[in-house]
Amino acid sequence: MKSGWITTGPRTKAFEQKLVAYCGVPRVLCVSSASAGLELILRWFGIGPGDEVIVPAYTYTATAEVVLHCGAKPVMVDVGDDFLITPDNIRKAITPNTKVIIPVDIAGFPCDYDDINRIVNEPSIRDQFHPTNDVQRQLGRILVMSDAAHSLGARYKNRRTGALTDITVFSFHAVKNLTTAEGGAICLNLPEHFDADALYRELCTFSLHGQSKDALAKTKPGNWRYDVTCAGYKCNMTDVAAAIGLIEIDRYDDLILQRRRKIFEAYTQAFKDDNRFQIPEFETLDKTSSFHVYALRLRQADEARRDAVIQRIFDQEVSVNVHFIPLPLLICYKKLGYDIRNYPVTYDNYSREISLPVYYDLTDEQVQTVIAAVNRAVDLEC
Ligand SMILES: *Cc1c(COP(=O)(O)O)cnc(C)c1O
């Protein structure tokens, strides 16, 4: 605040550089939210009526709503037991109208990106891709844009999210692992025949009214004249937000992720040998989570019993959550004709899920309070 510069400027650029180094990608553009970032890329790729975008049925509404904003069709597919969109279901959903796939790293666990990237590059799938503009022709295949709102810092085969797909979008919303109050970032990692610097500049302009100079550039002596090249959007990150991000990213690996891991491990230790519970995966040979959501499941429960268990937990003054109510159960998507019966694994995961609290300031003692409350609630209900 005291620096005298509060909107997009040196801190936003510095935060972008930190993210470039952290993720190991050529360029990062910070924006006002993940939702804005996802939509900006869909618009850049020219997504519109007649186009199909594959999304999981198990996600937050932001993943699909941006597709609707563009006038395109979200093609929802079922997920696997690990909550993640499955490569097989993606393959089955691809048509000549498919332009983009948006995998979501639910809970912070990366999707099977080698398989997903392999599918979009298969000759038969490339052959049926139907480009309708220059950008789509330049890529020559379906775009993979990962919704990594949960998974900053997660790893897949020793690479971090951001570097796993063409485009990756992070969220820095207040509930996410790293927050700037509100904010998001777009990692640009397209094939080498795309000029990352030129694309960064184009998207920068596109996120700021299509105006050729930002507010900071215009303050330079004699530099007042500007032009507007397209009907752009207004979704730039402010320096106030980036200033928070700069502090958070420096303590992200060593403090935030380490603490979150400890909390995950404590929950797993408490529930892994009790067959009433199904514990979530957060570390395998290939994948390490960012420990965003601890998605505990009850083994033997339907939705009503799960809800009753949650009420019993709340009765003990412990607050838990459900991630997420599947999109086909929400009015917006029901009205569009989506039917939860087409997504049995999504529904089964949801109906047994309880997200336990995970945050940096949660103490070991509070973790034990949560564990005791969950055990007591399940004793009473199951
Ligand atoms: C939070 C979230 C978003 C949206 O992030 P914003 O920064 O609030 O726009 C998108 N996708 C998923 C899966 C999320 O959880």
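Heads up: the structure comes first, above all this text.
Here's a quick rundown of the structure. (Residues numbered from 1 in each chain as written. Predicted model: local features only at pLDDT ≥ 70, side-chain atom pairs only at ≥ 80, totals over all residues. Heavy atoms only, no water.)

1. Here's the deal with the site of the ligand
Thinking step 1. As a structural note, the neighbourhood of the ligand is formed by 16 residues, with Ser35, Asp147, His150, Ser171 and Lys176 the closest of them.
Thinking step 2. Take histidine 150: an N or O atom from its side chain is 2.7 Å from an oxygen atom of the ligand.
Thinking step 3. Between the ligand and serine 171 there is a distance of 2.7 Å, counted from an oxygen atom to a side-chain nitrogen or oxygen.
Thinking step 4. Relative to its unbound accessible surface of 380 Å², the ligand loses 93% to contact with the protein. (Near = heavy atom within 4 Å. Polar contact = N/O pair within 3.5 Å; in protein donor to acceptor, adjacent residues only side chain to side chain. Areas by Shrake-Rupley, 256 points an atom, 1.4 Å probe, with all protein chains shown as cover.)

2. Notes on the packing of aromatic side chains
Thinking step 1. Enumeration over the complete set of coordinates arrives at 16 aromatic pairs.
Thinking step 2. When the centroid spacing of 5.3 Å and the interplanar angle of 80° are considered together, the rings of phenylalanine 264 and phenylalanine 291 count as edge-to-face. Of the two residues, phenylalanine 264 sits in helix α11 (residues 252-271) while phenylalanine 291 sits in the loop between β11 (287-288) and β12 (294-298), which places them 27 residues apart along the sequence. As far as burial versus exposure is concerned, phenylalanine 264 and phenylalanine 291 are alike and both buried.
Thinking step 3. Pairing tyrosine 333 with tyrosine 338 gives two aromatic rings, centres 6.1 Å apart and planes at 70°, and the pair type is edge-to-face. Taken individually, tyrosine 333 and tyrosine 338 each receive the classification buried, so the pair is uniform in this respect. (Phe/Tyr/Trp six-rings, centres within 6.5 Å; stacked < 30°, edge-to-face > 60°. Helix = DSSP H or I, 4+ residues; strand = E, 2+ residues; numbered from the N terminus. Buried < 20%, exposed > 50% of the residue type's maximum accessible area, 1.4 Å probe, protein only.)

3. Focus on unusual backbone geometry
Thinking step 1. Between histidine 323 and phenylalanine 324 the backbone carries a cis peptide bond, its omega angle lying at -5°.
Thinking step 2. For phenylalanine 324, the location among the structural elements is in the loop between α12 (303-315) and α13 (331-334).
Thinking step 3. For lysine 157, which is not a glycine, the phi torsion comes out positive at approximately 45°.
Thinking step 4. Locating lysine 157 in the fold gives a position in the loop between β6 (155-156) and β7 (159-160).
Thinking step 5. By relative accessible area, which is 38% here, lysine 157 ends up partly exposed.

4. So, helix α5 (residues 113-121)
Thinking step 1. Three or more residues of α5 are buried, namely Tyr113, Ile116, Ile119 and Val120. Looking straight down α5, one finds its buried side chains confined to an arc of 125°; they lie on one side.
Thinking step 2. Looking at the buried side of α5, the elements it contacts are α4 (87-93), β4 (98-101), α6 (123-128), β5 (143-147) and β6. (Arc of directions from axis to C-beta. Contact = heavy atoms within 4.5 Å.)

5. Considerations on the pairing of strand β13 (residues 353-356)
Thinking step 1. Alternating residues of β13 divide into Glu353 and Ser355 and Ile354 and Leu356, and every residue in both groups is buried.
Thinking step 2. Where β12 and β13 come together, 4 bridges link them in antiparallel fashion. Bridge pairing links leucine 296 to isoleucine 354 in β13. (Pairing = 2+ DSSP bridges.)

6. Let's talk about the nonpolar core
Thinking step 1. Counting residues in each nonpolar core, the largest one holds 126 residues, and the members touching the most others are Phe15, Trp44, Tyr267 and Leu356.
Thinking step 2. Excluding residues that lie within four positions of it along the chain, phenylalanine 15 makes contacts with Cys30, Phe172, Leu178, Thr180, Met237, Ala242, Gly245, Leu246 and Ile249. (Core = buried A, V, L, I, M, F, W, Y, C linked by side-chain atoms within 4.5 Å.)

7. Examining the sheet that holds β7
Thinking step 1. Taken together, the 3 strands give an open sheet; going across it, the order is β7-β6-β11, and neighbouring strands pair in antiparallel fashion. Either end of the sheet is taken by a strand with one partner, and the two such strands are β7 and β11.
Thinking step 2. Pairing of β6 with β11, which is carried by 2 bridges, proceeds in the antiparallel orientation. What sits directly across from arginine 155, in β11, is threonine 288.

8. Topic: the pairing of β5
Thinking step 1. Taken across its 5 residues, β5 has 5 buried, putting it largely inside the fold.
Thinking step 2. Residues Leu143, Met145 and Asp147 of β5 are buried on one face, and the alternating residues Val144 and Ser146, pointing to the opposite face, are buried as well.
Thinking step 3. Bridge count between β4 and β5: 2 bridges; the pairing is parallel. Following the sheet pairing, isoleucine 101 is matched in β5 by valine 144.
Thinking step 4. Pairing geometry for β5 and strand β8 (residues 167-171), over 3 bridges, is parallel. What sits directly across from aspartate 147, in β8, is valine 169.

Functional significance is not addressed by these values, which are geometric in nature.
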